Amino acid sequence: MRQFDLAPLYRNTVGFDRLFSMLDQMVGVDAAPSYPPYNIERTGENAYRISIAVAGFTDRDLTVEVKENALSVRGERKPSEERKVDVLHQGIAARSFDRRFQLADGVQVVGAALEHGLLHLDLVREIPEAKKPKLIPISSNGAQQTIEAKAA
C-alpha cells in the first residue's frame, strides 16, 4: 500500500479540505469493492454517464438513491417462484451489492435506464449563477465603481 503525504498541499490551497479528506479516504483503495464493475463516461461538457454491469438483475431488483452528495446503487436479487430449476453451474454472479459514488457539488442524477444488462445513470453538473465566473471592473484614478447585478 502506498502512502501519500498531502501536507504540502494543505499549506498552499484554500477551501479544498473536502477534496483532501476524500483523497485520504481513497488511500485504502485495496479494500474497495470491485463488484459490480462500472464505467464513468463524459458525454458532454457538463454531462456524465455511469454504466454498471448488472447482468441477471431486473429493475425490480435494483434501487438507485441520491442523498445529499452521495449516489447509492443497491442490487438484491429476489428469488422467483416461477423459476424452479436446478443450477448445475453458476458463473453469473447474483450476489447482492451496494455501490456508492460521491458526487461533486451541483451534480444531479437526471435519469436511469436498464438495457442489455447495463444500468445507465445519467448525470448533469449544473453550475449556479452565483458560481459562474464574472468580470470584476478595475477602478483607476481613485474612482471607485460598483458592481451591478444583471438580471437574466
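Here is what the cut-offs are and how they apply
Residues numbered from 1 in each chain as written. Predicted model: local features only at pLDDT ≥ 70, side-chain atom pairs only at ≥ 80, totals over all residues. Heavy atoms only, no water. Helix = DSSP H or I, 4+ residues; strand = E, 2+ residues; numbered from the N terminus. Contact = heavy atoms within 4.5 Å. Areas by Shrake-Rupley, 256 points an atom, 1.4 Å probe, with all protein chains shown as cover. Pairing = 2+ DSSP bridges. Axes fitted to C-alpha atoms, helices over the stretch in contact; angles between N-to-C directions.

Chemist: How should I be thinking about the overall build of the protein chain in this particular structure?
Modeler: A tally of helices and strands in the protein chain yields two helices and seven strands. Helices and strands appear in the protein chain in the N-to-C order α-α-β-β-β-β-β-β-β. Taking the contacts inside the protein chain whose residues are at least 6 apart along the sequence as the reference set, 51% of them involve residues at least 24 apart. Looking at the protein chain as shown, the accessible area adds up to about 12600 Å², and 52% of this sits on carbon and sulfur atoms.

Chemist: Honestly, the sheet that holds strand β4 (residues 70–75) in this entry has me stumped. Any pointers?
Modeler: Pairing between the strands of a sheet is mediated by backbone hydrogen bonds and can be parallel or antiparallel. Reading across the sheet, the three strands line up as β3-β4-β5 and stay open at both edges, with antiparallel pairing between neighbours. Each end of this open sheet is capped by a strand with a single partner; those strands are β3 (62–67) and β5 (97–102). Averaged over neighbouring strand pairs, the angle between their axes works out to 15° when direction is ignored. Pairing geometry for β4 and β5, over six bridges, is antiparallel. Across the sheet, residue Leu71 finds its bridge partner in β5, namely Phe101.

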